[in-house]
Amino acid sequence: MASPVAPNDVPDSAFIVQHLYTAVLWVNDDLIITWLNGQAEQLLAVSRERLLGQSILTLLAPEGLKKSLSDNVDNLSNKYSDNHLKPNTVRQKRPTSSLNDRFSQAQKYQQPFIDHDHKVTLQPSSGVAVSIDYSVTPVTYQQQAYFIIEMWGKDRQSRITEEQRQQQQYDVARHMLRSVAHEVKNPLAGIRGAAQLLQRQFVKFSEKNINKNLQKTTDKLRSYTDIIISETDRLTQLIGQLLGSNQLPNWQAVNIHEPLEHVLTLVMNNYSQVTLKRDYDLSLPELDADKDQLIQVFLNLVNNACEAMTEQYSPNNFESDNSKVSNIQAEDDNYKPQLHIQTRVAFQHTIGSQQHKQVLQITITDNGSGINPALIGQIFFPMVTSRAAGTGLGLSIVQDIISRHHGMIDVSSIQFKDDNQNRQTRFTLYLPFNQPALDT
């Protein structure tokens, strides 16, 4: 009976592994990395060329490897001095460490093992680390011993779960505020209408009455109605911002640098003391987006960054942490406000439940006063702000627009100890190049 699957329908195993969502490394008996798939490069943020030929212990147990190599060098020196041997006549053994022992035991008994919540330092100089789970499976291939190492990034899984949870909270909070705003909008219109009618009556009364005392009283009452009307107009505008726009996005092909440059031209003229640094990838393709809405997003973020770097907080400001930082800036003559804008392509990025091969990444970084850690997880909620004069709607609008574009926004604020110059607040936007609605 003929096989139901033609030989041409069966892909090469290396092709399958190369496209797995799991990071896979192929390690020989000396624990040297001889092959890895693309996901391993993405997870570890290291190129294939730098990983090939390296010991797996440099990734999973660098401290133990350093100690082991140091001990080996000492042993080699002792042997050389004692036996007067040439260095190349002394055979170097595999570095010994607790993890190396686990590899040896796994190979001896052909028993895989798994390690959870393991920290891998991506760049030792920066101290950036990623949390992973990994498994080690001993195998024999062409009569040689090898290990298959699979890795899963816990940070990425945790981030996706946290983003989904926060998005649900944002949606619930925004829905509640919109419901309240709708209930308040109609009474406000009634209050404004009644104040206008009352004002007209005062005008008629003042025209008919010649008595100066009554005239003064009427003018005073008219000033009250003016206040009522102006305040209801202000609240109506605020409610309009809470409700957001009902207009559907005007999808068009957009070069992301056009709205960015438009906003920078508008804003940077008002902040001449801020040094602007651009780091654009000019080879980026166009994306499907609403250009006007993106301008609104960048306008809010760039304005916030410049204000955080230049405004001075008074001693009675309700944000005591920001006040202290700003006072340090005022006293430090060497402080230079810097705004850094970067555009890149991010590969294999997950937004919500959708996995994208490529997404647009825009990073806006400033060295201003930073964000209070107590507010960092809430700043995208409506009515949450760290400024006394703020409405707390700017970032909520940004979040809403990015959600309509099926993207996501991330924020981090780092204030390094004993280093007033090195503070960073970073907003990172991820936008898909193609919108699902347009693809269908």
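See the structure shown above.
Figured I'd write up the structure that's included with this text. What you are looking at is a predicted structure, and each value in this text was computed from that prediction instead of being measured.

1. Some thoughts on the sheet that holds strand β11 (residues 408-415)
Move 1: Taken together, the five strands give an open sheet; going across it, the order is β7-β9-β10-β12-β11, and neighbouring strands pair in mixed fashion. Each edge of the sheet is formed by a strand with only one pairing partner; in this case those strands are β7 (275-279) and β11. When the angles between neighbouring strand axes are averaged without regard to direction, this sheet yields 20°.
Move 2: Here β7 runs beside strand β9 (residues 338-351); their pairing, made up of five bridges, is parallel. In the strand pairing of β9, Arg-278 is matched with Ile-341.
Move 3: Sheet strands in contact with helix α10 (residues 291-310) are β9, β10 (354-366), β11 and β12 (423-432), and its direction is about 35° off that of β10.
Move 4: Its contacts with the sheet place helix α12 (residues 394-404) against β11 and β12, and it is angled at close to 140° to β11.

2. Focus: a nonpolar patch on the surface
Move 1: Taken together, the side chains of Phe-15, Ile-16 and Leu-20 make up a nonpolar region of the molecular surface, amounting to roughly 280 Å² of accessible area.
Move 2: Within the secondary structure, Phe-15 is located in helix α1 (residues 13-18).

3. Here we look at the pattern of salt bridges
Move 1: Under the criterion given, the structure shown has seven salt bridges.
Move 2: Residue Arg-192 pairs with Asp-233 through a salt bridge whose shortest N-O separation is 2.4 Å. Linking Arg-192 in helix α7 (residues 154-208) with Asp-233 in helix α8 (residues 212-243), this pair joins segments that are 41 residues apart in sequence.
Move 3: A relative accessible area of 26% means that Arg-192 is categorised as partly exposed.
Move 4: We classify Asp-233 as partly exposed; its relative accessible area is 32%.
Move 5: With a shortest N-O distance of 3.1 Å, Arg-234 and Glu-231 are connected by a salt bridge. Here the residue Arg-234 and the residue Glu-231 both occupy positions in helix α8, the gap between them amounting to three residues, near one helical turn.

About the thresholds
Residues numbered from 1 in each chain as written. Predicted model: local features only at pLDDT ≥ 70, side-chain atom pairs only at ≥ 80, totals over all residues. Heavy atoms only, no water. Pairing = 2+ DSSP bridges. Helix = DSSP H or I, 4+ residues; strand = E, 2+ residues; numbered from the N terminus. Axes fitted to C-alpha atoms, helices over the stretch in contact; angles between N-to-C directions. Contact = heavy atoms within 4.5 Å. Patch = residues over 30% accessible without salt bridge, like charges linked within 9 Å, V, L, I, M, F, W, Y side chains within 5 Å. Areas by Shrake-Rupley, 256 points an atom, 1.4 Å probe, with all protein chains shown as cover. Salt bridge = Lys/Arg side-chain N within 4 Å of Asp/Glu carboxyl O. Buried < 20%, exposed > 50% of the residue type's maximum accessible area, 1.4 Å probe, protein only.

By themselves these figures say nothing about function.
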